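# Analysis of the macromolecular model
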Amino acid sequence: MSDDFDDFARNLQAQIFEETQAAYGAAAFERWLHPLYMGKIDHPDAYARVTGPCRDTMEIFLRFEDGKVAEASFQTDGCGSSAVCGSFAAEMARGKTPDELLDVTGEAILNRLGGLPKEDEHCAHLAGETLQEALTNYMRQQVKR
Ligand code: FES
């Protein structure tokens, strides 16, 4: 009985994984299983928190060194896609100058992922928008100095 149930659960999980990978693509699926760059950075040089139209919130943290992003991370209370997109936003931000960060938009994240299901595209835009907001906050601080 227990073996039957274990087999059932294993098969169900395998089926869910297969369907998720088919719908979201290999890169997003892998990142969903192993989200990188998740968590906050203490005393970041740049930070933003944006709430999307779906009411989920994304936070981006950046630390700069020698004019480039040395460390980037994200936090979200949103869906699995938002975690994947936040993770890629952080990854794509690393090593970039403020100028280069302008290119890390929701569209760029979607391209990096090879697209997402239509209903999840806004998750990439939330991540991109939050990163751009963090950059804007950083630039404002630089002007004040
Ligand atoms: Fe809100 Fe994905 S559903 S960010």
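Structural notes, computed from the coordinates. Please read these numbers as outputs of a predicted model, since none were measured by experiment.

### Observations concerning the nonpolar core
- Formed by 34 residues in total, the largest nonpolar core has its most connected members in Ile-60, Leu-62, Cys-85, Leu-101, Ile-109 and Leu-113.
- When contributions to this core are tallied by element, the ones reaching two or more residues are strand 1 (46-51), strand 2 (57-65), strand 3 (68-76), helix 3 (80-93), helix 5 (106-113) and helix 6 (121-144).
- Apart from the residues within four sequence positions on either side, Leu-113 is in contact with Ala-27, Ala-28, Val-84, Cys-85 and Phe-88.

### Some thoughts on the environment of Asp-56
- Among the secondary structure elements, Asp-56 is positioned in the loop between strand 1 and strand 2.
- Not counting residues within four places of it along the chain, the set of residues in contact with Asp-56 comprises Val-50, Thr-51, Asp-77, Gly-78, Cys-79 and Leu-126.

### Considerations on the packing of helix 2 (residues 26-33) against helix 3
- Two elements in contact, helix 2 and helix 3, have axes separated by 9 Å at closest approach and are oriented at 100 degrees. Here helix 2 is positioned roughly perpendicular relative to helix 3, judged by the angle of their axes. For the pair helix 2 and helix 3, the contacting residues are Ala-27, Ala-28, Arg-31 and Trp-32 in the first and Gly-80, Val-84, Ser-87, Phe-88 and Glu-91 in the second.
- Each residue belonging to the contact of helix 2 with helix 3 can be placed in one class, and the counts come to five nonpolar, two polar and two charged.

### A word on the side chain of Arg-31
- By the secondary structure assignment, Arg-31 is in helix 2.
- In this structure, Arg-31 is in contact with Leu-36, Tyr-37, Val-84, Ser-87, Phe-88 and Glu-91, ignoring residues within four places of it in sequence.

Quick notes on the rules
- Residues numbered from 1 in each chain as written.
- Predicted model: local features only at pLDDT ≥ 70, side-chain atom pairs only at ≥ 80, totals over all residues.
- Heavy atoms only, no water.
- Core = buried A, V, L, I, M, F, W, Y, C linked by side-chain atoms within 4.5 Å.
- Buried < 20%, exposed > 50% of the residue type's maximum accessible area, 1.4 Å probe, protein only.
- Helix = DSSP H or I, 4+ residues; strand = E, 2+ residues; numbered from the N terminus.
- Contact = heavy atoms within 4.5 Å.
- Axes fitted to C-alpha atoms, helices over the stretch in contact; angles between N-to-C directions.
- Parallel < 35°, antiparallel > 145°, perpendicular 65-115°, else oblique.
- Nonpolar A, V, L, I, M, F, W, Y, C, P; charged D, E, K, R; others polar.

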